[in-house]
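This is what each chain is made of:
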Amino acid sequence: TKNYDYLIVGAGPFGMTFAYEAAKRGKRSLVVEKRSFIGGNTHTHVENGITVHDFGAHIFHTDNKEVWDYVQNFAEFNNFQNQVVANYNGKLFNLPFNMNTFYQMWGTKTPAEAKAKIEEQKSAALKELGDRQPRNLEEQAISLIGTDIYQALIKGYTEKQWGRKATELPAFIIKRLPVRFIYDNNYFNHRYQGIPVGGYTQIFENMVERSNGLIDVLTDTDFFDHKDEFMAEFPRVLYTGMIDQFFDYKFGELEYRSLRFESETIDSDNYQGNAVINYTDAETPYTRQMEWRHFDGLADEGKTIITREYPQDWDRTKEAYYPVNDDKNTELYKQYVKAAREEAPEVLFGGRLGKYRYFDMDQVFNDAFNTVRQEFGVADDFNFAHD
Ligand code: FDA
């Protein structure tokens, strides 16, 4: 067997970025991945010329120039902006909440008219509340934006996402509801946005290819089928799986929300006219429907692929997508962090599952850079994009 410096568990963006940076520093890694492909949840595949994101729509958006420049090394990005349309019982609204949405909702045409309308809606809600604090998500949302927008664009969608009534969800889930008094449907505020032309998987394939043979990847390999051998054999481990599973759930299970995806190939050049349509009513069982050809416009003629995203409860047989960062789980996570420090000092825990946090891709790259800085003693002002 080769003399590996690292065992890396998980071939997602965190694990692969660390492996690539380690290779640049002459270190050899074995990456084990339980799925049959690399890229983690950003994995994409191409079908009929259409790049399909296998785990939901992934749009790269960031203000972090270092991260943005870094990913440009591995793929060419287009200038895609997510401009989501909401379908509420057949009526269409632009998202995020902006002058278009307010026009569609109330016919208001100027920022002053829209502001007045929102104030009127909010003050009615605040009057109802009196002097007590919002007790649940519904009261919180109405006090921030009023009834009309809440009913049409927040209530049903949120209830489907969490699998619970808005009146039974904690208020803290919604801290702010940003509104824009300009006609601007760009979902994200970030300066740098786009999709890698041809998909995300190439980013991680290129990392392997450019590692001078210092990265080996074993797919279809679950760390837990060989944990004892791996731990005995490797001096250092980077683990990006679920932290509670690493410790055999000894303090209990961290909770997640899961998703189910259902895709369909349709004979059409343009089925829904937009990349993402959110279904914000409570009755439609899915939350969004993606049409992949609209992300990069490279699809072959005549075929289109759509994917519907259904939220579902999580259990160990399902994919863990969104951590439930409430007080109970936060406390539990802290116990695992303590165990990691005391019982597994040779293991680095990283990525969204290792840290039990929702990370966007840019945050994952940035966090991987920080782990590299810690591990290799690279100065804080080291720029990963230009070395
Ligand atoms: P990731 O989950 O990608 O990789 C971890 C890997 O470890 C997986 O491949 C897993 O199979 C493997 N693994 C786990 N346990 C293992 C074991 N025991 N043995 C072997 N392998 C194991 N971000 C963004 O910036 N823009 C966006 O638009 C979106 N959209 C989006 C939509 C949806 C529906 C979700 C759920 C998430 C997003 N994201 C996103 C977030 C994005 O998916 C996320 O930032 C990255 O995938 C996180 O990368 P990691 O490497 O941390 O984990």
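Residues numbered from 1 in each chain as written. Predicted model: local features only at pLDDT ≥ 70, side-chain atom pairs only at ≥ 80, totals over all residues. Heavy atoms only, no water.

Participant: So what exactly am I meant to see when it comes to the site of the ligand here?
Facilitator: Lining the immediate surroundings of the ligand are 33 residues, of which Glu33, His58, Arg352, Phe359 and Met361 lie closest. Between an oxygen atom of the ligand and a side-chain N or O atom of Glu33, the distance comes to 2.6 Å. Contact between the ligand and Asn41: an oxygen atom at 2.9 Å from a main-chain N or O atom of the residue. Here the ligand has 1,000 Å² of accessible area as a free molecule, and 97% of this is covered by the chains. Broken down by secondary-structure element, the contributors of at least two residues to the shell around the ligand are helix H1 (13–24), helix H12 (351–354) and helix H13 (361–376). Here the residues of the shell around the ligand sort into 16 nonpolar, 11 polar and 6 charged. (Near = heavy atom within 4 Å. Polar contact = N/O pair within 3.5 Å; in protein donor to acceptor, adjacent residues only side chain to side chain. Areas by Shrake-Rupley, 256 points an atom, 1.4 Å probe, with all protein chains shown as cover. Helix = DSSP H or I, 4+ residues; strand = E, 2+ residues; numbered from the N terminus. Nonpolar A, V, L, I, M, F, W, Y, C, P; charged D, E, K, R; others polar.)

Participant: Sorry if this is basic, but what is going on with the environment of Leu214 here?
Facilitator: Within the secondary structure layout, Leu214 lies in the loop between helix H7 (201–209) and strand E9 (215–218). Remark: the alpha-carbon pair of Leu214 and Tyr271, spanning 57 residues in sequence, is separated by 44 Å. Apart from residues lying up to four places away in sequence, Leu214 is in contact with Ala23, Gly26, Lys27, Arg28 and Ser29. (Contact = heavy atoms within 4.5 Å.)

Participant: How should I be thinking about the sheet that holds strand E10 (residues 237–239) in this particular structure?
Facilitator: The pairing of strands in a sheet happens through backbone hydrogen bonds and is either parallel or antiparallel. With parallel pairing, the 5 strands of this open sheet are ordered in space as E9-E2-E1-E10-E16. Sheet topology places E9 and strand E16 (347–349) at the edges, where each strand pairs with a single neighbour. Taken over all neighbouring pairs, the strand axes of this sheet differ in orientation by 20 degrees on average, direction set aside. As paired strands, strand E2 (residues 29–32) and E9 are joined by 4 bridges and run parallel to one another. Directly across from Val32, in E9, lies its bridge partner Leu218. Each of strand E1 (6–9), E2, E9, E10 and E16 is contacted by H1, which is oriented at about 160 degrees to E1, the strand it contacts most. (Pairing = 2+ DSSP bridges. Axes fitted to C-alpha atoms, helices over the stretch in contact; angles between N-to-C directions.)

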